[in-house]
Amino acid sequence: MKGAWPHVCYSRTRKNVEDFTGPRERSDLGFITFDITADLQTIFDWNVKQLFLYLSAEYSTKNNALNQVVLWDKIILRGDNPKLLLKDMKSKYYFFDDGNGLKGNRNVTLTLSWNVVPNAGILPLVTGSGHVSVPFPDAYETTKSY
Amino acid sequence: MIVSSALMIWKGLIVVTGSESPIVVVLSGSMEPAFHRGDLLFLTNFQDDPIRAGEIVVFKVEGRDIPIVHRVIKIHEKENGNIKFLTKGDNNEVDDRGLYKKGQNWLEKKDVVGRARGFLPYVGMVTIIMNDYPKFKYALLAVMGAYVLLKRES
């Protein structure tokens, strides 16, 4: 199976606020900054029109056995530069938990995956091999610094 | 003969894929540049297939008939398998909460019509043309009807 050997580094903090994007309850809001290095050249074969690349965080909490949150995504068209060298990226979407499960969560895993969109045919979803574990701190961040 | 074979194939597809609507036409540009209006999508809806972030799902909002094709960006699943998830069109700035029912913040398994597994560009344009130009649809039906009648006579 073709791989992209992406490399992700991160740094993170956490707050507890009302989820203003939806449910009006106080939930944990995580902030992650990351770097991504990847060479996607080998994934583009004759039938690949584009890649939908996304970084997702996966973790378990008391409330939910499995949580997955897409933090960032990027569309890479055939012909775009397949070598990615992204630094100090902030998550594109709010990383709200369904509850307060990020506090002290040692096992939040970041994975880079991609959806291959062909010119015609099957739409595979591939997860990059290798992932990064992001432990969240026990304390909430009270100063604004995002 | 042709009509009943076509019907049998369609019903067969519904059973094999587990989806009430195994083939759908993309109606909007909210998933561009991957899918455009008129593209055809092939779906499966196996109950055992877990819903995971990144998947492209076709769902219906309660009370509305039109299926929407978007990507799952957030899931929260309980140990017993109960799952609630959020979707967003690749080409949209914001997630789909504005599209859901008033007060609804999440989608559930029951809202899903199927998962997009395969795709063919342009082929579905015929359906859109027939929808937008009813005269074309009637003309096509008339031609098909005439064909069936004439075939029988010989």
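Conventions adopted
- Numbering of residues starts from 1 in every chain and runs along the sequence as written.
- The naming scheme follows written order: chains are lettered A onward, ligands numbered 1 onward.
- Given that the model is predicted, a residue must reach a pLDDT of at least 70 before its local features are reported, and side-chain atom pairs must reach 80 or more before they are shown or counted; all residues, however, enter totals for whole chains, interfaces and linings.
- Side-chain numbers here rest on the full set of heavy atoms in the structure, without hydrogens or water.
- UniProt positions are given in the numbering used here, feature names are shortened, and annotations may be inferred rather than shown by experiment.
- Elements are defined by DSSP. Helices are runs of H or I of four residues or more, strands are runs of E of two residues or more, and each kind is numbered from the N terminus.
- The span you would expect from a helix comes to 1.5 Å times its residue count less one.
- Only protein chains enter the calculation, and the probe is 1.4 Å; a residue is then buried if its accessible area is under 20% of its type maximum, exposed if over 50%, and partly exposed in between.
- Any residue with an atom within 4 Å of a point lines the site, the site being either a cavity, points on a 1 Å grid over the protein atoms alone where a 1.4 Å probe fits but cannot get out, or a pocket, an open set with protein on both sides within 12 Å along at least 5 of 7 lines.
- Grid points are joined across faces, edges and corners, and a volume is the space filled by probe spheres set on the points.
- In this count, Pro and Cys sit with the nonpolar residues alongside Ala, Val, Leu, Ile, Met, Phe, Trp and Tyr, while Asp, Glu, Lys and Arg are called charged and the others, Gly among them, polar.

For chain B, the name recorded in an unreviewed UniProt entry is Signal peptidase complex catalytic subunit SEC11, with Alligator sinensis as its organism. As stated in UniProt under Function (unreviewed entry), the record for chain B gives "Catalytic component of the signal peptidase complex (SPC) which catalyzes the cleavage of N-terminal signal sequences from nascent proteins as they are translocated into the lumen of the endoplasmic reticulum. Specifically cleaves N-terminal signal peptides that contain a hydrophobic alpha-helix (h-region) shorter than 18-20 amino acids."

Chain A has the name Signal peptidase complex subunit 3 in an unreviewed UniProt entry, where Alligator sinensis is given as its organism. The heading Sequence similarities (unreviewed entry) in the UniProt record of chain A holds the text "Belongs to the SPCS3 family." Here chain A is described in UniProt, under the heading Subcellular location (unreviewed entry), as follows: "Endoplasmic reticulum membrane".

*Asks:* For this particular structure, what's the right way to read helix α1 (residues 2-17) of chain B?
*Replies:* In an α-helix, one turn spans 3.6 residues, which is why side chains three or four residues apart end up on the same side. Residue and element names in this part refer to chain B. With 16 residues, α1 extends 22 Å from end C-alpha to end C-alpha; this agrees with the ideal 22 Å at 1.5 Å per step. In terms of burial, α1 is a largely surface element, 1 of the 16 residues being buried. Taken from the residues just after α1, G18 is the one with a positive phi, measuring 80°.

*Asks:* Is there a simple way to explain empty space enclosed by the protein in this structure?
*Replies:* To find leftover empty space, a probe the size of one water molecule is rolled over the atoms. All names here are of chain B. Under the defined criterion, the tally for this structure stands at 2 cavities of 30 Å³ or more. Empty space within the largest cavity amounts to approximately 60 Å³. Lining the largest cavity we find N45, F46, Q47, D49, I51, K109, V112 and R115. Looking at the lining of the largest cavity residue by residue, the class counts come to 3 nonpolar, 2 polar and 3 charged.

*Asks:* Honestly, the environment of D138 of chain A in this entry has me stumped. Any pointers?
*Replies:* Residues and elements named next belong to chain A. Mapped onto the secondary structure, D138 falls in the segment after β10 (132-134). Relative accessible area serves as the criterion here: at 48%, D138 is assigned to the partly exposed category. As a C-alpha pair, D138 and N100 span 38 residues in sequence and 11 Å in three-dimensional space.

*Asks:* What exactly am I supposed to notice about unusual backbone geometry here?
*Replies:* Across residues other than glycine, the phi torsion is negative in most instances, and most of the peptide bonds are trans. In the segment running from E32 of chain B into P33 of chain B, the intervening peptide bond is cis, with an omega of 0°. Residue position: P33 of chain B is located in the loop between β1 (23-25) and β2 (40-44). Positive phi, close to 55°, is recorded for D88 of chain A, a residue that is not glycine. You can see D88 of chain A is positioned in strand β5 (residues 83-90). If you check the backbone angles, Y122 of chain B has positive phi at about 65° while not being a glycine.

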